[in-house]
Amino acid sequence: MVAVVKRSHAPVFWLLFGAGGMLAALVGPMLVFITGIAVPLGSPLQRELLSYPRAFALAQHWWAKGCLLVVVTLFAWHAVHRIYHSLHDLGIRTGTFPKLLCYGTALVLTVATVASLLAIGF
Amino acid sequence: MIDGGGARRPYIRSMRGWWRRDPFFRRYMLREATALAVLIYAIVLAVGVWRLAQGEAAWNGWLAALRSPWSVLLHVVLLAAMAFHAWTWFEIMPKTLPMLFFHGRRIPPAAIARSGWVAVVCTSVALFALARWWQS
């Protein structure tokens, strides 16, 4: 006899949440500082760091491409999972629509990033 | 009928703003709110990758947007939120991990949190050094 077990998909999302949270904790603060503060201000890093030829060459490299993909997608899946589970704390009734909105945002970001990175090429 | 048939209106305490009642709950909500910063930053980066794929003009537009004072201000807030996320992530880590043992002794929760914070400092220094090396 084969037991039919309806498996929960919760562990998948929890794993993405955990991995994204760990990555955001380790590299998030410095990445924000580099791309959002140091390079735009030109100090203590040069603006030239993210000039088009350099950024394009970086995004073409398979290793950096992988890093970009992992950072954007894991950050997104971590964040939407946490936001979704905080809705209850704010007294917002959770259901299909909030769930679709939250995880859909992460899915859209994932698809857009994969498509862009493929368009940039290798 | 003791309750006077339908006229009974039990007092139900409102749960609105429950988290503002206690510093512990406020800190909990602030911790959960860091997810907004992580999401905003993921969107900023995703837009950047998307603009990069569209060519030089689009990419330069994204760079120019990042140079605006509002963007820098936003990133200062994002940086504070990310730092708070990193701090609390390892602070609660001993509670989310199964108990760890070393030579038959339980590793104290404070040691787990501390090694996490050390790891954050190490990766941050390494990332900054990598950026410095790459620009030269």
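Residues numbered from 1 in each chain as written. Chains lettered and ligands numbered in written order. Predicted model: local features only at pLDDT ≥ 70, side-chain atom pairs only at ≥ 80, totals over all residues.

### Looking at unusual backbone geometry
Residue Pro44 of chain A is reached from Ser43 of chain A by a cis peptide bond, and omega for that bond is 5°. Structurally, the position occupied by Pro44 of chain A is in the loop between α1 (10-41) and α2 (52-60). A positive phi angle is found at His103 of chain B, which is not glycine, with a value near 55°. Relative to the assigned elements, His103 of chain B resides in the loop between β1 (101-102) and β2 (105-106). (Helix = DSSP H or I, 4+ residues; strand = E, 2+ residues; numbered from the N terminus.)

### Notes on the packing of helix α3 (residues 69-91) of chain B against helix α5 (residues 109-135) of chain B
All names here are of chain B. For the pair α3 and α5, interaxial distance at closest approach is 8 Å and the crossing angle is 150°. In terms of orientation, α3 lies roughly antiparallel with respect to α5. Regarding α3 and α5, the two cross each other, and that crossing is right-handed. Together, Ala86, Phe90 and Glu91 of α3 and Ala113, Gly116, Trp117 and Val120 of α5 make up the contact between the two elements. Across the contact of α3 with α5, the residue classes break down as five nonpolar, one polar and one charged. (Axes fitted to C-alpha atoms, helices over the stretch in contact; angles between N-to-C directions. Parallel < 35°, antiparallel > 145°, perpendicular 65-115°, else oblique. Left-handed = near helix turned anticlockwise from the far one by under 90°. Contact = placed C-beta atoms within 7 Å. Nonpolar A, V, L, I, M, F, W, Y, C, P; charged D, E, K, R; others polar.)

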